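Each chain, letter by letter, is given below.
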Amino acid sequence: MKLKFFLSILFGGLWLAVSIYFAIGWAQEISYIFPSLYVWWVIVGIALLPGFLMSSMFFSNLLHWKVKRYPDTAVPTTVLMCARNEEQTIAQAIRAIFAQQYAGPIRLLVVDNASTDRTKQEIAAMQAACANHVEIEYIYCGQPGKAHALNAGLAAVRTPYFITVDADTCLDPRAVQAIMNHIVARQSACVAGNLFVQNARASLAAKMQNYDYLLSIAAIKRFQGSCSSTLVAQGAFSAYQTQAVRDVGGWRDVLGEDIVLTYQLLRQKLPSTYEPAAVGYTTAPETLNGLYNQRKRWAIGMLEGIAAVAPWKQGRASSKYFAFVNLSVIYLDLAFLFGFLPGVILALFGHFYFAGLLTLVTVAVCALLFLSMYLYQKKLKIPFQNSLLGFLCFLVFFQAIQSVAALHGYLTRLLRRKGAWK
């Protein structure tokens, strides 16, 4: 694993060295129009650093092309599902737990986080229809906040492993078996599942997010997971060692409670991995405003994780590297907004100052990465939805929406304003 990580970074470094050679001439040509400091700030942010990161990730994912299979386990497990006003989705999420093809017993803990709708009644109806191999228990948590609900559920967990599933996420029938096989065989502290978008045809915003989950997020998690350093075991669907989570104090009351928990586990040099065959279908925001607010929260969560555990305090060398990469995302977002987008506008008027050959090569590397991820996800033989319009809009518009939302999130965090789970 260490050798493959080193080779991936080396491959990215070779790409970077060649890119710098061409970038020197590029910078010299346009430095007579723009200040040299700004020129290099843009070139590094839109071509050199993204090219290095994507080429390293592409090479690593090629080295880990084979889908690993683990022996089936029947270890008893707990599914922890927290809900706040989820009357529209929770019954479907619970039915997906009933439909699990898992060899062992499942105990489902549903934590009602002070819901004011019919969530409690929906849970009661599901208790009456409970499947034979699933035990379902209702817990009420009157203190609003997802971290409080999760910690209330954690206190009731009696199994050595547990799984978190959001109340708007439906698991593939083989998901629990796949993620439990992984965590038992690898003895990871946490394992992130592979999320697809459930409502991928609901709107254009959902169609774009479908490809973000399918290509971008999955590629990052595969790279990080191959080094036992997945930075986010997302609350929507992940598995955990119960004692490891208790040892670090459970979840903190922040927007990115799952990010901070994962960082705390990594700080202890505990492995955080990723299981692509464990698929959950999550409900994505269906409006641009919903998407914007979600990505703003994610940006705040990223800063919360970095504030909780600084990159240099991470336990493993690979964890340190990925945490620093996460930190560099702030710079990449700024370079995209104040370098790439102005460069595209100038190119539309015939001035190709920043939309040069090296930019196109970076785009080509990105395209190769996306193609390899698409083929890998197809290889899993787990269905997902396609949309040509959604893919094209993802390529053209998605990064702009995400970067603006992230910048808003960074500023919100710096100003210490508090957000909300819902």
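A brief report on the enclosed structure follows. These numbers come from a predicted model, not from an experiment.

Parameters at a glance
- Residues numbered from 1 in each chain as written.
- Predicted model: local features only at pLDDT ≥ 70, side-chain atom pairs only at ≥ 80, totals over all residues.
- Heavy atoms only, no water.
- Pairing = 2+ DSSP bridges.
- Helix = DSSP H or I, 4+ residues; strand = E, 2+ residues; numbered from the N terminus.
- Axes fitted to C-alpha atoms, helices over the stretch in contact; angles between N-to-C directions.
- Buried < 20%, exposed > 50% of the residue type's maximum accessible area, 1.4 Å probe, protein only.
- Lys, Arg positive; Asp, Glu negative; His and termini not counted.
- Salt bridge = Lys/Arg side-chain N within 4 Å of Asp/Glu carboxyl O.
- Contact = heavy atoms within 4.5 Å.
- Phe/Tyr/Trp six-rings, centres within 6.5 Å; stacked < 30°, edge-to-face > 60°.
- Lys NZ or Arg CZ within 6 Å of the ring centre and 35° of its normal.

1. Focus on the sheet that holds strand E4 (residues 161-165)
Strands belonging to one sheet form pairs held by backbone hydrogen bonds; the direction of such a pair is parallel or antiparallel.
Thought 1: Pairing in this open sheet of eight strands is mixed, and the strands run E3-E2-E1-E4-E7-E6-E8-E5 from one edge to the other. Only two strands of the sheet have a single partner each, and these edge strands are strand E3 (134-140) and strand E5 (169-171). Within this sheet the neighbouring strands show an average axis-to-axis angle of 30°, counted without direction.
Thought 2: Pairing of strand E1 (residues 77-83) with E4 involves three bridges; the strand directions are parallel. Opposite Leu80, over in E4, you have Thr164 as the bridge partner.

2. Brief notes about the side chain of Glu257
Thought 1: Structurally, Glu257 is set in helix H9 (residues 257-267).
Thought 2: One buried charged side chain, Glu257, makes no salt bridge at all; its nearest oppositely charged neighbour is Lys146, positioned 4.1 Å away.
Thought 3: Excluding anything up to four places from it in sequence, Glu257 contacts Lys146, Ala147, Leu150, Trp251 and Arg252.

3. Some remarks on the pairing of E1
Thought 1: The buried fraction of E1 is high, at seven of seven residues.
Thought 2: Going residue by residue along E1, you find Thr77, Val79, Met81 and Ala83 tucked away on one face and Thr78, Leu80 and Cys82 tucked away on the opposite face as well.
Thought 3: Judged from the seven bridges that link them, E1 and strand E2 (residues 106-112) form a sheet pairing that is parallel. When the bridges of E2 are listed, Met81 appears paired with Val110.

4. Examining the pattern of salt bridges
Oppositely charged side chains can pair when the atoms bearing their charge come close.
Thought 1: Taken as a whole and judged by the stated rule, the model has five salt bridges.
Thought 2: In this structure, the salt-bridge partner of Arg107 is Glu135, at a minimum N-O distance of 4.0 Å. Taken together, the residues span a long stretch of sequence, with Arg107 in strand E2 and Glu135 in strand E3 at a distance of 28 residues.
Thought 3: One salt bridge in this structure joins Arg107 and Glu137, with 2.6 Å as the shortest N-O distance. Pair noted here: Arg107 is in strand E2 and Glu137 is in strand E3, with a separation of 30 residues, a long-range link.
Thought 4: Salt bridges here are not isolated pairs; linked through shared partners, they connect Arg107, Glu135 and Glu137.

5. What about the packing of aromatic side chains?
Thought 1: One pass over the full model with this rule turns up 25 aromatic pairs.
Thought 2: With a centroid separation of 5.6 Å and an interplanar angle of 80°, the aromatic rings of Phe34 and Tyr353 are classed as edge-to-face. With Phe34 in the loop between helix H1 (2-30) and helix H2 (36-63) and Tyr353 in the loop between helix H11 (317-348) and helix H12 (357-379), this pair connects stretches of sequence that are 319 residues apart.
Thought 3: Among the aromatic residues, those joined into a ring-pair cluster are Phe34, Tyr38, Trp41, Tyr331, Tyr353 and Phe354.
Thought 4: Note that Arg222 overlies the ring of Tyr376, its terminal NZ or CZ placed 3.6 Å from the centroid.

Keep in mind these values describe shape, not function.
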